[in-house]
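Overview (structure and organization)
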Amino acid sequence: MPKITYISVDGDEQTVEATDGISLMQTALDEGIDAIVGNCGGEMMCATCHVYVDEAWTEKVGPPSEDESEMLEDTASPRKPNSRLSCQIKASDELDGIVVHTPEEQY
Ligand code: FES
């Protein structure tokens, strides 16, 4: 099972086991990681699942799609080059060990 580490703005780290094919947003919700809201359920309509992909993982994760990129214009916390919507990143063996940083706010 791929592991995902979420790091909050305060530096709190939570590493959880994810299920292959389940998004990092859904995994965060299932594991009670409050910094990710996921209001729209993964439909790419809310941007409340914003994360900053750790620099070490950006290449592997890849860039956002055009639609995702548009949605990333509406994040509550500033968009950065490593910003992604966590509902659009699926857990996989390839991403085992991925680290994402949660933003200060999602609204
Ligand atoms: S959960 Fe709404 S955009 Fe990701």
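Above: the structure in question.
Computed from a prediction, not measured in an experiment: that's the story for all the values here. (Residues numbered from 1 in each chain as written. Predicted model: local features only at pLDDT ≥ 70, side-chain atom pairs only at ≥ 80, totals over all residues. Heavy atoms only, no water.)

Helix and strand counts for the chain come out as 3 helices and 5 strands. Secondary structure elements in the chain, listed N-terminal to C-terminal, are β-β-α-β-α-α-β-β. Against the 2.2 N^0.38 benchmark of 13 Å for 107 residues, the chain shows a C-alpha radius of gyration of 12 Å, consistent with a compact globule. Considering the chain as a whole, with its 107 residues, one finds that 44% of them fall into the buried category. (Helix = DSSP H or I, 4+ residues; strand = E, 2+ residues; numbered from the N terminus. Rg over C-alpha atoms; globule rule 2.2 N^0.38 Å. Buried < 20%, exposed > 50% of the residue type's maximum accessible area, 1.4 Å probe, protein only.)

In this section: the nonpolar core. Counting residues in each nonpolar core, the largest one holds 27 residues, and the members touching the most others are Ile 4, Tyr 6, Leu 24, Leu 85 and Ile 98. Taken together, the elements giving at least two residues each to this core come down to β1 (3-7), α1 (24-30), β3 (50-53) and β5 (98-101). In this structure, Leu 85 is in contact with Met 44, Ala 47, Cys 49, His 50, Glu 68, Met 71 and Leu 72, ignoring residues within four places of it in sequence. (Core = buried A, V, L, I, M, F, W, Y, C linked by side-chain atoms within 4.5 Å. Contact = heavy atoms within 4.5 Å.)

What follows concerns the pairing of β1. The buried fraction of β1 amounts to 4 of the 5 residues, a majority that puts the element mostly inside the structure. In the sheet, β1 pairs with strand β2 (residues 13-17) via 5 bridges, with the strands oriented antiparallel. Directly across from Thr 5, in β2, lies its bridge partner Thr 15. Counting the residues between successive antiparallel strands, the hairpin from β1 to β2 contains 5 residues, one of them, Gly 11, with a positive phi of roughly 90 degrees. Pairing analysis gives 4 bridges linking β1 to β5, with the strands arranged parallel. (Pairing = 2+ DSSP bridges.)

Using the criterion set out here, one finds 3 salt bridges in the structure. Between Arg 84 and Glu 68 there is a salt bridge, and its shortest N-O distance comes to 2.7 Å. Residue Arg 84 is located in strand β4 (residues 83-85), and its partner Glu 68 is located in helix α3 (residues 66-71); the two are separated by 16 residues in the primary sequence. Glu 68 sits in the buried class, given a relative accessible area of 1%. Among the salt bridges present, the one from Arg 79 reaches Glu 73, with a minimum N-O distance of 2.6 Å. (Salt bridge = Lys/Arg side-chain N within 4 Å of Asp/Glu carboxyl O.)

This part covers the pairing of β3. Regular strands show a simple pattern: their side chains alternate between the two faces of the sheet. Burial along β3 is two-sided: the face carrying His 50 and Tyr 52 and the face carrying Val 51 and Val 53 are both buried. One ladder, built from 3 bridges, connects β3 with β4; its direction is antiparallel. Residue pairing for β4: Tyr 52 is matched across the bridge by Ser 83.

Let's shift gears to the sheet that holds β1. In spatial order, the strands read β2-β1-β5-β3-β4; together these 5 strands make up an open sheet with mixed pairing. Each having just a single partner strand, β2 and β4 make up the two edges of the open sheet. Strand-to-strand twist across the sheet, computed as the mean angle between neighbouring axes with direction ignored, equals 35 degrees. (Axes fitted to C-alpha atoms, helices over the stretch in contact; angles between N-to-C directions.)

Structural measurements only, silent on function.
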